[in-house]
Amino acid sequence: MPSQILQISHLPPKSSPSTEMMFKSLIYDDPSTTLLSSSSRFGDDHHTISSTVKPLLSRSSSYNGGVTAKKTSSGGGLTGWYQNRRRRSNSDNCLSAFPDGTNGTDGGQTTIGQEVGHAAAETFLLTRLCLKLLSYLGVGYRWITRFMALGCYAFLLMPGFIQVGYYYFFSPYVRRSIVYGDQPRNRLDLYLPKNSNGPKPVVAFVTGGAWIIGYKAWGSLLGQQLSERDIIVACIDYRNFPQGSISDMVKDASSGISFVCNHIAEYGGDPDRIYLMGQSAGAHIAACTIVEQVIKESGEGDSVSWSSSQINAYFGLSGGYNLLSLVDHFHSRGLYRSIFLSIMEGEESLRQFSPELVVQNPNLKHIISRLPPFILFHGTDDYSIPSDASKSFAETLQRLGAKAKVILYEGKTHTDLFLQDPMRGGKDEMFEDIVSVVLGDNQELIGKSVDRRRLVPEFMLKLAHWVSPF
């Protein structure tokens with residue numbers, strides 16, 4: 001059925017931000033959540049890092065070259081040895097993640113051995129984090145049934161996952177695990193168009209995963225689709241709970257966006273045509289990031305390394321933007337209140353990390369003019385995050401004078417829009433809605449026909465729709 005579109009008002013012009021950035025110290029200082037092996041490509045240094053970086057760095061500038069570490073008192077004995085080792089490991093891993101020391105910014109590819117080592121390190125880390133997560137979750141019937149449903153769901157979509165996985169690992173147009181920061185999982189994947197003629201528009205994508213199981217590879221299907229339409233996609237990875245809390249996730253997303261804004265030209269992207277997108281929990285994180293950014297630019301927080309004016313529009317897919325109204329709903333769906341509040345750093349922080357509430361702060365009226373247009377996509381049969389969440393946020397932005405609209409897809413669930421529909425092949429309604437915005441008035445590219453083949457038989461997609469735990 002055709003989607004419902006709620007239009008909005010025009011956006012006032014934006015102004016430019018300042019050009020300095022300061023990273024705050026991490027909330028988590030638990031060495032058990034970090035790999036300590038010097039051969040690991042992860043780093044976790046808990047001293048304060050500061051840098052001065054201008055937006056849209058030139059090619060001759062280095063992302064890491066401007067970063068200087070402030071020394072902290074490490075003490076002696078085992079504590080001093082431990083902190084010094086972590087400091088050395090962090091420096092080695094972040095500045096020399098690629099064999100040529102380029103940190104992935106000049107297009108160098110990693111070897112198969114390095115890919116295997118990186119995958120093994122990630123698997124080991126994620127396994128430890130999953131075990132720690134289980135200690136939070138306990139063994140309740142809701143989680144048991146959810147995991148069983150998830151297993152059936154993944155099995156039914158496996159034919160599609162295998163094909164997408166093959167593309168992800170073997171396509172020469174996918175650049176995996178480019179380092180964008182100095183924290184664990186500060187990496188992103190780039191999906192590049194085959195056509196390299198002229199600078200391309202860019203979509204910076206923050207994946208979902210209930211703030212717990214998010215991973216950059218979850219965006220590979222979207223990346224493949226958009227790159228076929230001459231759009232570069234950057235899938236940004238970030239720390240999940242319990243490795244990090246919501247402020248760590250927002251900080252990682254901001255660092256990833258900063259990297260895209262300052263370096264995407266080196267990969268053929270147009271730094272003046274960048275779009276920010278998030279799905280589910282990723283939509284929430286991305287919305288928090290852009291709102292926090294405009295607050296910083298207004299002089300209400302730290303200085304910045306990228307500008308909200310570089311973001312042409314925000315795409316929110318199946319996101320939740322008012323946590324106070326969703327905490328009980330999540331609890332009923334199996335994301336228990338105690339866990340959710342741990343992710344969000346306590347009940348007192350729910351308002352701070354609810355973009356819909358933050359923009360209504362009377363003291364922040366001046367930030368509205370800096371916000372990019374917000375385009376929210378949602379299925380009407382989404383039970384994980386009801387579509388009312390997107391409608392309410394769009395209405396709030398409208399009332400405040402920002403430009404926004406919500407597009408509803410009748411009968412679609414939380415995963416239909418992101419997984420089942422793209423795997424069905426043929427024309428994808430939401431995908432075409434995104435392309436029409438990104439390509440703008442380029443009618444030639446908008447009308448370009450891309451024959452999307454079916455990845456999964458229809459009966460398996462319908463069964464997956466029925467058993468989906470989301």
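Residues numbered from 1 in each chain as written. Predicted model: local features only at pLDDT ≥ 70, side-chain atom pairs only at ≥ 80, totals over all residues. Heavy atoms only, no water.

A. Quick look at helix H6 (residues 246-263). Here H6 is 18 residues long and its end C-alpha atoms lie 26 Å apart, about the 26 Å a rise of 1.5 Å per residue gives. Most of H6 sits out of view: 18 of its 18 residues are buried. (Helix = DSSP H or I, 4+ residues; strand = E, 2+ residues; numbered from the N terminus. Expected span 1.5 Å × (residues − 1). Buried < 20%, exposed > 50% of the residue type's maximum accessible area, 1.4 Å probe, protein only.)

B. Quick look at the packing of helix H5 (residues 220-227) against helix H12 (residues 416-424). Two elements in contact, H5 and H12, have axes separated by 10 Å at closest approach and are oriented at 50 degrees. By the angle between their axes, H5 is oblique relative to H12. By crossing handedness, the relation of H5 to H12 is classed as left-handed. Touching Leu221, Leu222 and Gln225 of H5 are Phe418, Leu419, Pro422 and Met423, all from H12. Grouping the amino acids of the contact of H5 with H12 by side-chain chemistry returns six nonpolar, one polar and no charged. (Axes fitted to C-alpha atoms, helices over the stretch in contact; angles between N-to-C directions. Parallel < 35°, antiparallel > 145°, perpendicular 65-115°, else oblique. Left-handed = near helix turned anticlockwise from the far one by under 90°. Contact = heavy atoms within 4.5 Å. Nonpolar A, V, L, I, M, F, W, Y, C, P; charged D, E, K, R; others polar.)

C. Structural context of the environment of Glu458. Its location among the elements puts Glu458 in helix H15 (residues 458-467). Sequence-wise, Glu458 and Gln420 are 38 residues apart; in three dimensions their C-alpha atoms are separated by 9.5 Å.

D. How the structure looks around a nonpolar patch on the surface. Taken together, Tyr166, Phe169 and Phe170 make up a surface patch of nonpolar side chains, about 420 Å² in accessible area. Considering the arrangement of structural elements, one finds Phe170 in helix H4 (residues 158-170). The class for Phe170 is exposed, based on a relative accessible area of 60%. (Patch = residues over 30% accessible without salt bridge, like charges linked within 9 Å, V, L, I, M, F, W, Y side chains within 5 Å. Areas by Shrake-Rupley, 256 points an atom, 1.4 Å probe, with all protein chains shown as cover. Salt bridge = Lys/Arg side-chain N within 4 Å of Asp/Glu carboxyl O.)

E. Seen up close, the packing of aromatic side chains. Applying the stated criterion to the full structure yields 14 aromatic pairs. Measuring from centroid to centroid gives 4.7 Å for Tyr314 and Phe374, while their planes differ by 40 degrees, and the two rings are tilted. Within this pair, whereas Tyr314 is found in strand E10 (residues 311-317), its partner Phe374 is found in strand E11 (residues 374-379), the two being separated by 60 residues in sequence. Across this residue pair, the class does not change: Tyr314 and Phe374 are buried. For the pair Tyr321 and Phe393, a centre-to-centre distance of 4.6 Å together with 25 degrees between the ring planes defines the contact as stacked. (Phe/Tyr/Trp six-rings, centres within 6.5 Å; stacked < 30°, edge-to-face > 60°.)

F. Layout of the pairing of E10. Burial of E10 is extensive: six of the seven residues sit out of reach of the surface. Note that strand E9 (residues 269-279) and E10 share six bridges and pair parallel. By the bridge assignment, Tyr275 is partnered in E10 with Ala313. As judged from the four bridges shared by E10 and E11, these two strands associate in the parallel manner. Bridging from a neighbouring strand, Tyr314 pairs with Phe374 of E11. (Pairing = 2+ DSSP bridges.)

G. Summary view of H12. Burial runs high along H12: eight of the nine residues are buried. Within H12, burial applies to Asp416, Leu417, Phe418, Leu419, Gln420, Asp421, Pro422 and Met423.

H. Structural detail: the pattern of salt bridges. A full pass over the atoms with the stated rule returns 17 salt bridges. Residues Asp248 and Arg239 are paired through a salt bridge, measuring 3.9 Å at the closest nitrogen-oxygen approach. In this structure Arg239 comes out as buried when scored by relative accessible area, which is 3%. Here the salt bridges share partners, and the residues they tie into one network are Lys412, Asp421, Arg424, Arg454 and Glu458.

I. Region of interest: the pairing of strand E12 (residues 404-409). Within E12, six of the six residues are buried, which leaves it mostly tucked inside the rest of the structure. The pairing of E11 with E12 spans six bridges and is classified as parallel. Within E12, the residue paired with Leu376 across the bridge is Val406. Handedness of the crossover joining E11 and E12 through helix H11 (residues 388-400): right-handed. (Right-handed = clockwise from strand over helix to strand, strands pointing away.)

J. Broad picture of the environment of Ile295. Position of Ile295 among the secondary structure elements: in helix H7 (residues 281-300). On the basis of relative accessible area, Ile295 is assigned to the buried category, the value being 16%. As a C-alpha pair, Ile295 and Leu371 span 76 residues in sequence and 9.8 Å in three-dimensional space.

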